[in-house]
Amino acid sequence: MCGSVQKVPCAFAAKSAETADFSYKTCTKFARLCVFRGPIMSRHSFDPEIAGRVGLNAAVIFQNITFWIEKNQANRRNLRDGRYWTYNSISAFGELFPYLSEKQIRTALEKLVCAELIIKGNFSDDRYDRTCWYALGNSICPNGQIDPTERENDAFAPEGKPSAPEGKSYKNRYKPYQKPDPSHAKAAVEDAVSEKILSAYPEDRIRGKAVCLSQIRQALADGVDAKDLEDAVRAYATESEGFTRSKVCFSDNWFTSGRWLKHLQDVEEAREAGKAKEAELLKGLADWVTDRHPLCRHITPGQVTALLAANLVSPAEIEAAGLRS
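Residues numbered from 1 in each chain as written. Predicted model: local features only at pLDDT ≥ 70, side-chain atom pairs only at ≥ 80, totals over all residues. Heavy atoms only, no water.

A. A look at the overall build of the protein. Along its length, the protein carries 14 helices and seven strands. Looking at the protein as a whole, 39% of its 325 residues are labelled buried. Carbon together with sulfur atoms contributes 52% to the accessible area of the protein, which is approximately 18,800 Å² in total. (Helix = DSSP H or I, 4+ residues; strand = E, 2+ residues; numbered from the N terminus. Buried < 20%, exposed > 50% of the residue type's maximum accessible area, 1.4 Å probe, protein only. Areas by Shrake-Rupley, 256 points an atom, 1.4 Å probe, with all protein chains shown as cover.)

Structural data, given as structure tokens:
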């Protein structure tokens with residue numbers, strides 16, 4: 001079978017996947033691609049449903065990514081932020097998929113990220129290493145992990161190995177998540193809050209949006225106040241306005257490295273300083289009230305309420321000063 005289809009599917013994947021209006025039947029027909037690379041034959045394949053969403057090129061690359069993520073999970077490797085990851089450079093993907101150009105590979109990866117089938121990150125120990133890391137996205141793994149459920153018609157296996165034990169087949173292991181989520185409304189609100197916080201970051205330096213949102217959600221889950229975090233992001237945006245743009249940190253690095261913590265601390269300290277100043281102001285107003293100072297007439301109803309709430313004066317003293325509680 002491989003010998004009879006090895007050329008046609010490759011051409012179809014490389015030249016037509018991004019533009020052709022293909023049907024589910026067409027995807028099924030070409031759901032296994034056989035490519036000869038020297039003396040070794042690799043089986044490149046995809047899930048037709050995924051291909052229908054993001055195109056053939058992206059579906060084939062997605063199958064490769066899911067294979068390595070599953071392998072890393074089985075070996076308990078590359079666990080970061082509650083997810084298992086795999087990493088590869090564009091040039092390395094080019095070696096794996098010689099029938100795709102670098103531009104086609106970049107486009108395919110962007111489609112997978114936009115469809116939330118994968119998320120991108122960078123967890124290299126070398127600060128100069130820009131190799132991207134990939135994990136399964138929320139539409140595949142809403143809980144951040146691969147669900148090792150039914151396996152039928154598995155579409156990818158290592159080079160030279162069958163995709164399933166003889167006499168068996170695996171199918172659609174990584175279908176998009178379909179199970180109803182009872183907390184969907186709550187998640188939608190949390191996502192909206194996270195999006196609002198990220199939107200405060202300098203727009204031209206936002207990168208790795210999925211990673212940023214994941215870090216923001218984690219911070220909120222750890223108890224960080226959403227308004228404080230948004231103010232911290234805005235503080236950095238204001239601080240870096242006059243910087244050379246190359247000196248402004250990319251958002252994914254800013255969040256993952258914890259640089260936001262310093263600005264969050266500044267926000268909290270400023271809030272405490274504001275509270276201390278307000279308390280001092282109320283104490284002065286309380287002295288006016290108890291002394292029935294002529295300037296009491298300038299005290300607003302809101303300040304009267306604050307004085308009573310702080311138990312700095314009594315309702316009788318308010319009334320004696322000619323004020324209304």
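B. How the structure looks around the nonpolar core. Grouped together as the largest cluster of nonpolar side chains are 27 residues, with contacts concentrated most on I61, I65, F93, L109 and L112. The dominant element in this core, judged by the number of residues it contributes, is helix α5 (residues 56–74), at eight residues. By size, the runner-up hydrophobic cluster in this structure holds 20 residues, among which are C212, I216, V233 and V248. (Core = buried A, V, L, I, M, F, W, Y, C linked by side-chain atoms within 4.5 Å.)

C. Focus on the packing of aromatic side chains. Scanning all chains against the criterion turns up twelve aromatic pairs. Judged by centre distance (4.7 Å) and plane angle (35°), the rings of Y87 and W133 are tilted. Here W133 lies in strand β7 (residues 132–136) and Y87 lies in strand β5 (residues 86–88), a separation of 46 residues in the sequence. Since its relative accessible area comes to 7%, W133 is described here as buried. Among the aromatic residues, those joined into a cluster by ring pairs are W85, Y87, F123 and W133. (Phe/Tyr/Trp six-rings, centres within 6.5 Å; stacked < 30°, edge-to-face > 60°.)

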